[in-house]
Amino acid sequence: MINLNGISKSYETEAGAVSALVDINLSINESEFISIMGQSGSGKSTLMNIIGCVDRPSKGNYLIDNIDVGKLSDSNRSRLRGKLFGFVFQSYNLLPRLSALEQVELPLLYQQNVNRKERALKALISMGLSDRIHHAPNQLSGGEQQRVAIARSLVVNPKIILADEPTGALDTKTGLEVMRIFNELVKKQGISVIIITHESDIAEQTNRIIR
């Protein structure tokens, strides 16, 4: 489903070019549960952004579902991103004044979806949050906030979820629950889940570790 061939990414700074990724080759199949590990500054988030069509590589070829992402215009790349990917972050990225239901509706606004409230409610219920739909982020625990974020990623029916340090702000028990949710999404819905992490105990719960 995903094929990265010779992917490199460099940034220009005042001190010169800095390489974030060098000659990365990676294939990811449908319904895979994988983790990408590395120390801080090793390029994990840069790789995630390229896979998720947020950023472009400086060199190399990226195919997803046999589509050459490098040949897409910015608008078509954005549409592909909205169609295929759901994103989950360590900091949850919830808007402080919106309820859980409104948070999950947000991705559907860009699709002009007419039944967005129904779909958002269904996603929240699937995360066990039926009694929290009208709560703002400051009324939710960290684990509940992350489940809202996962529901938001699911509401677009993605083929792939990209999760950047999704357990980093959670206690051990809650982190394990989040990993259980991801594992269920892979097994029951066939979604590919790609986790960026530096925690070996989290990575070991996935089916493949890429270092």
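In short, a report on the structure. (Residues numbered from 1 in each chain as written. Predicted model: local features only at pLDDT ≥ 70, side-chain atom pairs only at ≥ 80, totals over all residues. Heavy atoms only, no water.)

1. A closer look at the pattern of salt bridges
So, step 1. Inspection of the entire model under this criterion finds 12 salt bridges.
So, step 2. The closest approach of N and O atoms between Lys-117 and Glu-105, which form a salt bridge, is 3.3 Å. Within this pair, whereas Lys-117 is found in helix H4 (residues 116–126), its partner Glu-105 is found in helix H3 (residues 100–109), the two being separated by 12 residues in sequence.
So, step 3. Accessibility expressed as a relative area gives 49% for Lys-117, which makes it partly exposed.
So, step 4. According to the relative accessible area criterion, Glu-105 is buried, its value standing at 9%.
So, step 5. Its salt-bridge partner being Arg-132, residue Asp-131 comes within 3.3 Å of it at the nearest N-O pair.
So, step 6. Taking the relative accessible area as the measure of exposure, Arg-132 reaches 25% and is therefore partly exposed.
So, step 7. Here the salt bridges share partners, and the residues they tie into one network are Glu-30, Asp-65 and Lys-159. (Salt bridge = Lys/Arg side-chain N within 4 Å of Asp/Glu carboxyl O. Helix = DSSP H or I, 4+ residues; strand = E, 2+ residues; numbered from the N terminus. Buried < 20%, exposed > 50% of the residue type's maximum accessible area, 1.4 Å probe, protein only.)

2. Some details on the side chain of Gln-146
So, step 1. Mapped onto the elements of the fold, Gln-146 is located in helix H5 (residues 142–154).
So, step 2. Among the polar contacts listed, one links the side chain of Gln-146 to the backbone oxygen of Pro-166, at a separation of 2.7 Å.
So, step 3. Apart from residues lying up to four places away in sequence, Gln-146 is in contact with Val-88, Phe-89, Gln-90, Tyr-92, Pro-166, Leu-170 and Val-178. (Polar contact = N/O pair within 3.5 Å; in protein donor to acceptor, adjacent residues only side chain to side chain. Contact = heavy atoms within 4.5 Å.)

3. What about the packing of aromatic side chains?
So, step 1. With the rule as written, the count across this model stands at 2 aromatic pairs.
So, step 2. Judged by centre distance (6.1 Å) and plane angle (35°), the rings of Phe-85 and Phe-87 are tilted.
So, step 3. Centre to centre, the rings of Phe-87 and Phe-89 are 6.3 Å apart; their planes meet at 5°, and the pair counts as stacked.
So, step 4. Every member of this aromatic cluster is reached through a ring pair, and the members are Phe-85, Phe-87 and Phe-89. (Phe/Tyr/Trp six-rings, centres within 6.5 Å; stacked < 30°, edge-to-face > 60°.)

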